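The residues making up each chain are set out below.
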Amino acid sequence: MSQRIAAPRERVVDALVDHAWYEALETRPSIGAPEPLALSDLDGIARTSVRWRYAGTLPPAAARLLDADKMTWVIEMRLDRATFAGTIHVVPDHYEGLLTFEGALRFDDEAGSTLERVDGTLTVKIPLFSDAVERAIANGFTEHLRVEAEALERFCA
């Protein structure tokens, strides 16, 4: 997945480790407000650990298996400022083993803008529903990146 952000990559990374960025984010119908757990920028390494909450309505079939109130997860990011490359890891607060995401993250400079690239493996292990849930999560993550990119552009302006 890739997303263009109309802001310099240094400023984008600065925003990701700034509490004010998360306070400025607007909630969306499907995702609640972010909860920054740890934000740091030391020795050239930017690290974030942010909890997110599903705020939408689960489809009836999924609601039989999952409690919407337990649909929370932490996205951990580690980024080397020298290379603007790093890792991203999704850790569910509940339903461990049902969902995993491990990936590589890169911020490329493109004429003063940032091209954010995420490449990883999403695995969903929900009997009978894995493929549908995996597609829904991947689509939701893509939408999340798009909305986040637009918000970063406004925040970094």
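## Considering the nonpolar core
It is characteristic of soluble globular proteins that their nonpolar side chains tend to be buried jointly. W21, L79 and F107 are the most contacted members of the largest nonpolar core, which has 35 residues in total. Broken down by element, this core gets its largest block of residues, six residues, from helix α4 (residues 130-156). In this structure, L79 is in contact with V13, G44, I45, A46, F84, A85, G86, L105 and F107, ignoring residues within four places of it in sequence.

## Some words on the pairing of strand β1 (residues 2-5)
Only one face of β1 is buried: it carries Q3 and I5, and the other face, with S2 and R4, is open. Both β1 and strand β7 (residues 113-124) contribute to a ladder of four bridges, which runs antiparallel. Paired with I5 across the bridge in β7 is T114.

## A few points about the sheet that holds β7
One open sheet accounts for seven strands, arranged β1-β7-β6-β5-β4-β3-β2; its pairing is antiparallel. Across the chains shown, the open sheet's two edge strands, defined by having one partner strand only, are β1 and β2 (35-42). Going across the sheet, the axis of each strand differs from the next one's by a mean of 15 degrees, ignoring polarity. Where strand β3 (residues 45-53) lies against strand β4 (residues 72-80), nine bridges are found, and the strand directions are antiparallel. From the neighbouring strand, W52 faces β4, where its bridge partner is W73. Across the sheet, helix α1 (residues 9-16) lies against β1, β2, β3, β4, β6 (99-110) and β7, angled at about 140 degrees from β6, the strand it touches most.

Definitions and limits used
Residues numbered from 1 in each chain as written. Predicted model: local features only at pLDDT ≥ 70, side-chain atom pairs only at ≥ 80, totals over all residues. Heavy atoms only, no water. Core = buried A, V, L, I, M, F, W, Y, C linked by side-chain atoms within 4.5 Å. Buried < 20%, exposed > 50% of the residue type's maximum accessible area, 1.4 Å probe, protein only. Helix = DSSP H or I, 4+ residues; strand = E, 2+ residues; numbered from the N terminus. Contact = heavy atoms within 4.5 Å. Pairing = 2+ DSSP bridges. Axes fitted to C-alpha atoms, helices over the stretch in contact; angles between N-to-C directions.

Function-wise, these values are silent; they only describe arrangement.
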